[in-house]
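# Coordinate inspection notes
So you can see what is in the structure, the chains are spelled out below.
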Amino acid sequence: MAKILGGIGTSHVPTIGGAYDRNKQNDPDWAPLFRGYEPVKAWLSVRKPDVLVFFYNDHATTFFFDHYPTFALGVSAEYPIADEGLGPRAVPPLRGHADLARHMADALVNDEFDISVFQDLPIDHGVHSPLTLFWPPSPDWPGKIVPIEINVLQHPIPTPARCWKLGQAVRRAVLSYPEDLKVVIVGTGGLSHQMNGERAGFNNEKWDMKFLDLIARDPKKLTAMRHADYIRLGGTEGAEEIMWLAMRGALSPRAKKIHQNYYLPMTTAMAVALFEEPGEKPAAKKPRASRKPSRNAAQRARAFA
Amino acid sequence: MNPQLKGTEELQGTYLFDLAASAKALRLNRFLHGLTAAQNRANFKNNPEAALDKAGLTAEERRMVRELDWVALMRYGASFFCLEKLGRVKGVSNPEMVAGFRGETLEEFLKTRNVPGAR
């Protein structure tokens, strides 16, 4: 059966991908960002997931407002890199896990989460700008993805609580996949930023820190908030944080935040947080001689007698 | 009003992209979104007026695009994410666009940032 190893919340600012493409790893202006992704990269290289399931948003790149999907699941084996106005980035096409994605489509729809699906549409920086920092191609990507697009551009956008429920449904869908697959859930976007109006350039470091705390410790507080709260506290584009909620909803309540990084150089607060699910139950310890064997141990002992 | 958004009307200098804005600026946003295709970019660069004609934009929409009047475009109902495509074609960076929205020069805006070189 498929299992979920953990989750990643990450900003998806296009300049993150741009800094990677321009080899800015050692540039003092960018090094604190890259350093913050190193533990995530190391964790992935040890845990070796087969698939990353991405909650991300498109930026009116692939989808347009003549039909903007609230939720859309990619079910293809390959996704081209989108052209966002400068030609596509020079990274390989993203590889999709089509079989898992098709299973997820069945599971979600039968679970009354009537998601739309797309095939081989191009995918923009909402997925691959952070991806290059923690799962870089060398030369091809280390594994496959399943992309789930969420509308955060055109109101009405789905509520924080709904995104949480989507995450829970995705968890059920992944865990019911019959093959042995190791899966990590990623939610991209945020943290505080605003890209419109005279309030553009708004940030709120205090709120960002609170969000990073609550997403680990008490995510229900975040799902109870309205979009107006997110916009007031984190700017209009701070609403992207609902994709972190979908990621967190797909993890178990016992998942632990084991790393985070925060860097606010320009217009967007760039954060990354890594969550790990508790490991498999360790092998049962041998009962100490002085301790009365538990009933189960006694039963097991009888079975072997 | 969408109950999820109640209270945002009190925020100064904030333009939410909703279905009314989307309907009003649909043609304009469609033109901007079209700049994700290399052929459309080439057409716009080679003969901007012909490209704007083909998109069926009004005189005011054309003026805003021609003059890169970011504040007016935003107020009119353009999606920032569609404007970004125009920015890329014209070689205007996001910090320059944000400075424009704020009514600042790029230099003035960068002075308000923690790491002005991170562009």
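Predicted, not measured: the structure shown is a model, and the values here were computed from it.

### Some remarks on the overall build of chain B
For chain B, the helix and strand inventory stands at nine helices and zero strands. Moving toward the C terminus, one meets the helices and strands of chain B in the order α-α-α-α-α-α-α-α-α. Classification of the 119 residues of chain B by burial places 37% in the buried group. Excluding contacts between residues fewer than 6 apart, the proportion of contacts in chain B whose partners are at least 24 apart in sequence is 54%.

### Remarks on unusual backbone geometry
All names here are of chain A. In this structure, Pro-139 follows Ser-138 across a cis peptide bond, with omega equal to -10 degrees. In this structure, the amide linkage connecting Gly-190 to the following residue, Leu-191, adopts the cis form with an omega of -5 degrees. Even without being a glycine, Lys-48 presents a positive backbone phi close to 45 degrees. Here Glu-112, not a glycine, exhibits a phi torsion of approximately 70 degrees, which is positive.

### What about the interface of chain B and chain A?
Of the residues lining the interface, 46 residues belong to chain B; the matching set on chain A comes to 35 residues. Going through the elements one at a time, helix 1 (19-24), helix 2 (26-34), helix 7 (80-90) and helix 8 (94-102) of chain B are the ones with two or more residues in the side of chain B that touches chain A. Tallying contributions element by element places helix 7 of chain B first for the side of chain B that touches chain A, with seven residues.

### Side note on the sheet that holds strand 2 (residues 51-56) of chain A
In sheet architecture, strand pairing relies on hydrogen bonds along the backbone and comes in two forms, parallel and antiparallel. All names here are of chain A. Within the open sheet, the eight strands sit side by side as 6-3-7-2-8-1-10-9. Their pairing is mixed. Each edge of the sheet is formed by a strand with only one pairing partner; in this case those strands are strand 6 (116-118) and strand 9 (256-263). Each neighbouring strand pair of the sheet contributes to a mean axis angle of 20 degrees, computed without reference to strand direction. Contacting strand 1 (3-10), strand 9 and strand 10 (270-276), helix 6 (residues 205-217) runs over the sheet at an angle of about 15 degrees to strand 10.

### Quick notes on helix 2 (residues 31-47) of chain A
Residue and element names in this part refer to chain A. Relative to the 24 Å expected for 17 residues at 1.5 Å per residue, helix 2 spans 25 Å between its end C-alpha atoms, a close match to the ideal helical length. Taken as a whole, helix 2 carries its principal kink of about 30 degrees at Glu-38; the proline Pro-39 stands between one and four residues after it. All buried positions along helix 2 are accounted for by Leu-33, Gly-36, Tyr-37, Val-40 and Leu-44. In this structure, the buried residues of helix 2 make contact with strand 1, helix 1 (14-21), helix 4 (125-134), strand 9 and strand 10. Just beyond helix 2, the residue with positive phi is Lys-48, at close to 45 degrees.

### Details of the confidence of the model for chain A
Parts of the prediction with low pLDDT should not have their coordinates interpreted in detail. Scored by pLDDT, chain A comes out at a mean of 93, with 91% of its residues at no less than 70. Taken as a whole, residues 289-305 of chain A scores under 50 in pLDDT and shows four contacts with residues more than four places along the chain or in a different chain.

### A few points about the nonpolar core
Residue and element names in this part refer to chain A. If you look at the biggest cluster of nonpolar residues, it comprises 119 residues, and the most contacted ones within it are Val-53, Phe-54 and Ala-246. Ranked by residue count, the leading element in this core is helix 5 (residues 160-175), at seven residues. Those residues in contact with Phe-54, other than ones at most four positions away along the chain, are Val-127, Ile-145, Val-146, Pro-147, Ile-148, Val-186 and Thr-188.

### Some thoughts on the environment of B:Gly117
Within the secondary structure, B:Gly117 sits in the segment after helix 9 (106-111). Look at B:Gly117 and you get exposed, because 12 C-beta atoms sit within 10 Å.

### Here we look at helix 1 of chain A
For an α-helix, 3.6 residues make a turn, and residues three or four places apart therefore share a direction. Residue and element names in this part refer to chain A. For helix 1, the tally of buried residues reaches six of eight residues, placing the bulk of the element in the interior. Among the residues of helix 1, Pro-14, Thr-15, Ile-16, Gly-17, Ala-19 and Tyr-20 are the ones counted as buried. On its buried side, helix 1 packs onto helix 2, helix 4 and strand 10. Downstream of helix 1 by one or two residues, Asn-23 has phi in the positive range, about 55 degrees.

### Observations regarding the pairing of strand 10 of chain A
Residue and element names in this part refer to chain A. Extensive coverage of strand 10 is indicated by the burial of six of its seven residues. As paired strands, strand 1 and strand 10 are joined by five bridges and run antiparallel to one another. Among the inter-strand pairings, Gly-9 is bridged to a residue of strand 10, identified as Ala-273. Pairing analysis gives seven bridges linking strand 9 to strand 10, with the strands arranged antiparallel. Looking at the pairing, Asn-261 lines up with Val-272 of strand 10. A loop of six residues connects strand 9 with strand 10, the two strands running antiparallel in sequence.

Conventions we followed
Residues numbered from 1 in each chain as written. Chains lettered and ligands numbered in written order. Predicted model: local features only at pLDDT ≥ 70, side-chain atom pairs only at ≥ 80, totals over all residues. Helix = DSSP H or I, 4+ residues; strand = E, 2+ residues; numbered from the N terminus. Buried ≥ 20, exposed ≤ 12 C-beta atoms within 10 Å, placed from the backbone. Contact = placed C-beta atoms within 7 Å. Pairing = 2+ DSSP bridges. Axes fitted to C-alpha atoms, helices over the stretch in contact; angles between N-to-C directions. Expected span 1.5 Å × (residues − 1). Bend = angle between axes of the 7 residues up to and from the residue. pLDDT = per-residue confidence, 0-100. Core = buried A, V, L, I, M, F, W, Y, C linked by C-beta atoms within 7 Å.

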